[in-house]
Amino acid sequence: MDLGLESSLWVGNKRYRAVLTGWHFKWTEVDKKNRDKKTVLVPVAEVAGVEEGRVEILPQKSVEDTDKDFTVFYVKRSSGGGSYGLLWRLGRIQFSCASRVLRDQWTKHLRAALKTHSPLRPHRLLVFINPFGGKKKGRQIYHSLVAPLFELAGISSHVIVTERANQARDHLLKKDLTGFDGVVCVGGDGMFSELLHGLIGRTQQEAGLCENDPAVALQPCPLHIGIIPAGSTDCVCFATVGVVDPVTSALHIIIGDSQPLDVCSVHDVSAQVRYSVSLLGYGFYGDVLAESEKHRWMGPLRYDYSGAVVYLSNRSYSGIVQYLPADPLLSSPRDKTRCLAGCSVCSRSTERLFPHSSDSGSLYSSHFSQFSTDSEGEWVSVEGRFRCVSLTCMSSSCARSPLGLSPSAHLADGTGDLILVWDTHPLGFLKFLYRHTSTQDQFDLPFVEVHRVKAVRFSVPSGREEQEYEEIGGFSSEIDEGQRECVDTVSRNGSQQHLAQRAMTSERKAATPFLCGLCCKKSPSVSVWNCDGEILPFTKIVCKIHGQLVRLYARGIEDGAAIRNSEERDECQRICILNSLK
Ligand SMILES: CCCCCCCCCCCCC/C=C/[C@@H](O)[C@H](CO)NC(=O)CCCCCCCCCCCCCCC
Ligand SMILES: Nc1ncnc2c1ncn2[C@@H]1O[C@H](COP(=O)(O)OP(=O)(O)OP(=O)(O)O)[C@@H](O)[C@H]1O
Ligand SMILES: [Ca+2]
């Protein structure tokens with residue numbers, strides 16, 4: 001069927017020339033002298049629904065069934081109220097045709113174009129609502145903001161309001177999932193993590209793969225994941241959509257957007273596995289999470305309170321970190337680029353990760369080849385005392401940190417960024433933390449390192465795990481007051497090569513007496529791992545990044561930073577469309 005169509009249509013008493021070219025639907029107001037006025041251009045992929053008659057969905061759905069009218073719902077953009085991404089809203093236009101035959105032609109052609117140009121639109125979704133996430137508004141958010149949009153788009157949803165933690169994960173691992181196109185969580189990063197574990201586990205079970213084995217190349221998940229944000233941090237939503245907004249996320253789901261995401265598998269010696277996408281953190285972030293669990297009643301504020309408590313306790317931890325660097329020619333965590341919608345680094349990675357696939361965006365073939373074609377490279381080993389060791393597969397931007405833990409990280413390049421913050425004086429660490437809240441470079445500090453990696457191992461020097469407490473007093477007692485030695489070694493063919501020695505800076509020495517007052521108490525010698533908001537029951541770990549293991553109903557961040565006034569906002573719709581044409 002030829003999808004193109006062109007005719008005059010009316011909106012009220014204004015005449016429009018409407019054109020459907022297959023990829024785009026546009027309507028241009030035409031004045032009495034037949035001159036073109038304003039045009040609205042909508043990619044067909046961003047049409048949310050087409051209905052006969054004059055349809056409203058708010059305050060509730062109503063249809064005035066006139067036989068020459070039809071209504072088109074589409075994605076309309078506005079700047080994200082201070083955040084970097086763009087808010088999406090439901091646009092609506094009601095057209096009148098010269099005849100019923102023409103009306104039927106328009107609705108038929110538009111629906112056929114939708115099918116052809118956005119094949120991943122879901123028809124049936126499995127939705128899990130956490131009634132206790134964030135500010136406990138999950139149910140209300142879903143029923144008032146999301147369900148009417150799904151209904152409009154003809155999506156049928158099976159909704160489960162969870163009654164316990166891990167119910168969503170267990171359901172995905174065990175229950176029949178036939179007929180579902182995607183799984184949606186209404187909640188925060190913890191709920192997303194349940195879906196992640198359930199879907200990855202289920203996919204490996206069905207493929208007959210052992211997910212606990214770090215050497216196994218995991219099979220990508222066939223079902224898409226949608227996130228309706230209703231949590232405390234909502235980092236995965238923020239970092240993949242650019243705003244935390246249930247309507248924007250619902251529209252990404254409706255139009256079947258698809259964003260691949262790297263996932264880090266975290267293995268312990270007894271072969272348990274956990275997955276992380278946003279933050280695998282030891283030291284500060286582990287301690288903040290452990291502290292925050294005691295204050296869940298505070299809601300989202302618990303993290304700020306616990307952050308302050310942990311900061312004031314001034315801890316650092318010994319550790320041995322080994323990492324397998326990614327190819328430095330492909331990208332760098334300090335190259336000042338940002339992974340935005342249509343990111344070229346991620347697109348090139350798709351070709352590298354799935355080399356034999358005819359459709360480079362396809363998930364389902366050649367995934368096993370990614371490790372056989374990759375040469376292993378050389379592991380680098382560092383040992384010393386750290387304020388924190390963090391690994392993230394993406395920028396991990398969130399409201400607290402609008403550019404994130406690693407502003408130049410990529411969502412789907414098959415690598416993670418390892419951030420090592422060596423022990424330093426408290427004011428230095430505060431500077432590091434504070435830089436997360438602005439555009440200042442948190443890596444441009446002498447005690448911070450960042451590496452783009454494919455795999456990481458972490459352990460505590462022997463004896464530490466049993467030793468429960470040690471003296472601190474500003475800095476570790478075992479470290480010479482004047483000089484701290486951190487040893488960087490690179491293992492090359494089994495030989496250890498000494499690389500660097502670090503000296504305590506005069507700035508740090510000066511700050512020590514003042515800050516000792518805050519921290520002269522016993523402190524644990526071992527921290528815990530924060531794995532996307534969950535505490536891991538083990539310290540020694542092996543991690544591997546699995547490129548593009550899952551797909552979200554998202555498209556990455558559309559850059560709205562430049563849009564400051566309303567004129568630019570209107571222009572924004574046009575720019576985004578032009579970008580989508582590139
Ligand atoms: C001076 C201001 C410093 C602000 C520093 C902000 C850095 C924030 C970086 C946030 C990165 C979030 C990564 C995402 C992690 C999620 O998978 C996980 C589950 O939702 N969330 C957390 O673990 C939740 C982690 C939340 C960590 C919050 C840390 C807050 C630190 C506050 C320090 C205050 C120092 C005050 C000194 C008196
Ligand atoms: N019915 C339930 N009762 C208790 N806990 C639940 C229930 N449903 C889900 N959970 C658990 O609650 C935890 C937190 O939920 P969620 O991630 O939705 O909110 P949050 O912690 O406030 O937000 P964030 O993870 O963004 O910081 C999740 O780890 C999930 O396993
Ligand atoms: Ca990545």
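Residues numbered from 1 in each chain as written. Chains lettered and ligands numbered in written order. Predicted model: local features only at pLDDT ≥ 70, side-chain atom pairs only at ≥ 80, totals over all residues. Heavy atoms only, no water.

The name given to the protein chain in an unreviewed UniProt entry is DAGKc domain-containing protein, and the organism recorded there is Amphiprion ocellaris.

Some points on the coordination of the calcium ion (ligand 3)
Metal coordination angles have textbook ideals: 109.5 degrees for a tetrahedral set of four donors and 90 or 180 degrees for an octahedral set of six. What counts, and what does not: As a rule, N, O and S atoms within 2.8 Å of a metal are its donors, except that Na, K and Ca use 3.2 Å; water is not among the atoms, so sites may look incomplete. Relative accessible area decides the class of each residue, using a 1.4 Å probe on protein chains only: under 20% of the type maximum gives buried, over 50% gives exposed, and in between gives partly exposed.
Each protein donor to the calcium ion (ligand 3) is listed here as Asp262 (OD), Cys393 (O), His410 (O), Asp413 (OD) and Thr415 (O); together their distances run 2.3 to 2.5 Å. In the primary sequence, the donor residues of the calcium ion (ligand 3) line up as D-x130-C-x16-H-x2-D-x1-T. Here His410 and Thr415 have matching classes, each one buried.

Comments concerning the site of ligand 1
In plain terms, the rule: The rule for a residue being near a molecule or strand is that one of its heavy atoms must lie within 4 Å of it. N or O atoms closer than or at 3.5 Å make up a polar contact, with two conditions inside protein: a donor-capable atom paired with an acceptor-capable one, and, for residues adjacent in sequence, both atoms drawn from side chains. Exposure was quantified through the Shrake-Rupley algorithm and a 1.4 Å probe, taking into account, for residues, occlusion by the shown protein chains and nothing else. Strands here mean DSSP runs of E at least two residues long; helices mean DSSP runs of H or I at least four residues long; both are numbered from the N terminus. Amino acid classes used here: Ala, Val, Leu, Ile, Met, Phe, Trp, Tyr, Cys and Pro are nonpolar; Asp, Glu, Lys and Arg are charged; the rest, including Gly, are polar.
Ligand 1 sits among 19 residues. The nearest are Asp189, Thr233, Ser278, Asn530 and Asp532. Here an oxygen atom of ligand 1 and a side-chain polar atom of Asp189 are 2.7 Å apart. Take Ser278: an N or O atom from its side chain is 2.7 Å from an oxygen atom of ligand 1. Computed on the free molecule, ligand 1 has an accessible area of 860 Å², of which 85% lies beneath the protein chains in the complex. Looking at the shell around ligand 1, the elements with two or more residues in it are helix H8 (302–313) and helix H11 (426–435). Split into classes, the residues belonging to the shell around ligand 1 amount to 9 nonpolar, 7 polar and 3 charged.

Section: the UniProt feature "domain: DAGKc" (unreviewed entry) in the protein chain
Which entries qualify depends on this criterion: UniProt positions are given in the numbering used here, feature names are shortened, and annotations may be inferred rather than shown by experiment.
The UniProt record annotates "domain: DAGKc" (unreviewed entry) at residues 120–270. Between the end C-alpha atoms of residues 120–270 there is a gap of 39 Å, over a span that is 38% helix and 22% strand.

Details of helix H1 (residues 100–117)
Short version of the rule: The span expected for a helix works out to 1.5 Å for each residue beyond the first. It only takes one pair of heavy atoms within 4.5 Å for two residues to be counted as in contact.
With 18 residues, H1 extends 26 Å from end C-alpha to end C-alpha; this agrees with the ideal 26 Å at 1.5 Å per step. Of all the residues in H1, the buried ones are Leu102, Arg103, Trp106, Thr107, His109, Leu110, Ala112, Ala113, Leu114 and His117. Contacts made by the buried residues of H1 are with strand S1 (5–11), strand S2 (14–20), strand S3 (24–30), strand S5 (47–52) and strand S8 (69–79).

A few points about the packing of aromatic side chains
Applicable threshold: Think of it this way: a Phe, Tyr or Trp ring, Trp meaning its six-membered ring, pairs with another when their centres are within 6.5 Å, and the plane angle makes it stacked under 30 degrees, edge-to-face over 60, tilted otherwise. In this scheme, Lys NZ or Arg CZ marks a charge over a ring once it lies within 6 Å of the ring centre and within 35 degrees of the ring normal.
Tallying each qualifying case throughout the model produces 17 aromatic pairs. With centroids separated by 5.4 Å and ring planes inclined at 40°, the aromatic side chains of Phe70 and Phe95 adopt a geometry described as tilted. A residue pair is termed long-range when its members are at least 10 positions apart, and Phe70 in strand S8 and Phe95 in strand S9 (residues 86–96) qualify at 25 residues. The pair formed by Phe70 and Phe95 is uniform in burial state, with each residue classed as buried. Taking 5.9 Å as the distance between ring centres and 20° as the angle between the ring planes, the aromatic pair formed by Phe429 and Phe432 counts as stacked. A residue pair is termed a helical-turn pair when its members lie 3 or 4 positions apart in one helix, as Phe429 and Phe432 do in helix H11 at 3 residues. Among the residues examined, Phe429 registers a relative accessible area of 2% and is labelled buried. Taking the relative accessible area as the measure of exposure, Phe432 reaches 2% and is therefore buried. For the cation-ring pair, Arg302 lies above Tyr303, with the distance from its terminal atom to the ring centre recorded as 4.5 Å.

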